[in-house]
Amino acid sequence: MEGTPEKSAPADLATDRTLVAAFRRGDADAFRTLFHRHVPAVHALIHSQLADENTVDDVLQEVFTFAWERLDENRMPGGSALPWMLSIAQEQIANAQHLHAGARTSTRPATLAVPAHAPLTEIDPVAKQALTATLEAAVARLDAIDQEIVCQCLVHGLTYKEAVRKVRPNGGMIREWLLRRRGGATF
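Residues numbered from 1 in each chain as written. Predicted model: local features only at pLDDT ≥ 70, side-chain atom pairs only at ≥ 80, totals over all residues. Heavy atoms only, no water.

Peer 1: With reference to specific residues and values, describe the nonpolar core.
Peer 2: Of all hydrophobic cores here, the largest spans 43 residues; its most connected members are Val 42, Ile 46, Val 63, Phe 64, Leu 71, Met 85 and Leu 86. Only α1 (16-24), α2 (28-49), α3 (53-70), α4 (82-104), α5 (125-140), α6 (144-155) and α7 (160-167) provide two or more residues apiece to this core. Not counting the four nearest positions on each side in its chain, Val 42 is found in contact with Leu 60, Val 63, Phe 64, Leu 82, Met 85, Leu 86 and Ala 89. (Core = buried A, V, L, I, M, F, W, Y, C linked by side-chain atoms within 4.5 Å. Buried < 20%, exposed > 50% of the residue type's maximum accessible area, 1.4 Å probe, protein only. Helix = DSSP H or I, 4+ residues; strand = E, 2+ residues; numbered from the N terminus. Contact = heavy atoms within 4.5 Å.)

Listed below in structure tokens is the structure:
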């Protein structure tokens, strides 16, 4: 009906792209929906690689703080923000592991260092299996492009930007490739 505002889809049915766009226009509820949608998978990835609950919480907070500051619908080649968040989580996990390794070899007093008997990689196998199942289920719901980005980031260790370039080259990359193939000839 002309002149009647269109009803928007409930937030839980909206796409990530729509939610990110709404958040960037000032809708904090849109980010809350994104958070609740993706926190189980992001938490599962982090917890599957880090055993210390405080470190898991710190990394999870870093991921969503980073998302709050930098998530942009134009950076999502697929329909989901999850691959980007998982790649950020992977980077933060590596940072936490690096800091943990430094704490074990530190000359600081033992009260400030992480106890040697509790390495971050010791996780109950049953819990790890449940975390892996949560993450796999979340990735299975993604479209093919986003699944490939997750694979490139988490399995092959590429950054999100590198994975996106590999999965979905842009026009400039194609022109550059064609120029090289044609021996530098211009169009």
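Peer 1: Which residues make up α5, and what values do they have?
Peer 2: Each α-helix turn comprises 3.6 residues. Residues three or four places apart therefore point the same way. With 16 residues, α5 should cover 22 Å at 1.5 Å per step; its first-to-last C-alpha distance of 22 Å lies within 8% of that length. Along α5, the positions that sit buried rather than exposed are Leu 131, Leu 135, Ala 138 and Val 139. Buried positions in α5, seen along its axis, are confined to an arc of 100° and lie on one side of it. For α5, the exposed residues lying more than 90 degrees away from the buried face are Pro 125, Val 126, Gln 129, Glu 136 and Ala 140. (Expected span 1.5 Å × (residues − 1). Arc of directions from axis to C-beta.)

Peer 1: An account of a positive patch on the surface is needed here, citing residue identities and associated values.
Peer 2: A cluster of like positive charges, contributed by Arg 24, Arg 70, Arg 75, Lys 161 and Arg 165, occupies part of the molecular surface. Assignment of secondary structure puts Arg 24 in helix α1. Classification of Arg 24 as partly exposed rests on a relative accessible area of 36%. (Patch = residues over 30% accessible without salt bridge, like charges linked within 9 Å, V, L, I, M, F, W, Y side chains within 5 Å. Areas by Shrake-Rupley, 256 points an atom, 1.4 Å probe, with all protein chains shown as cover. Salt bridge = Lys/Arg side-chain N within 4 Å of Asp/Glu carboxyl O. Lys, Arg positive; Asp, Glu negative; His and termini not counted. Charge placed at Lys NZ, Arg CZ, Asp CG, Glu CD.)

Peer 1: Describe a negative patch on the surface, naming the residues involved and giving the relevant values.
Peer 2: Residues Asp 52, Glu 53, Asp 57, Asp 58, Glu 62 and Glu 69 make up a contiguous surface patch of negative charge. With respect to the helices and strands, Asp 52 occurs in the loop between α2 and α3. Residue class for Asp 52 comes out partly exposed when judged on its relative accessible area of 31%.

None of the figures reported here should be taken as evidence of function without further support.
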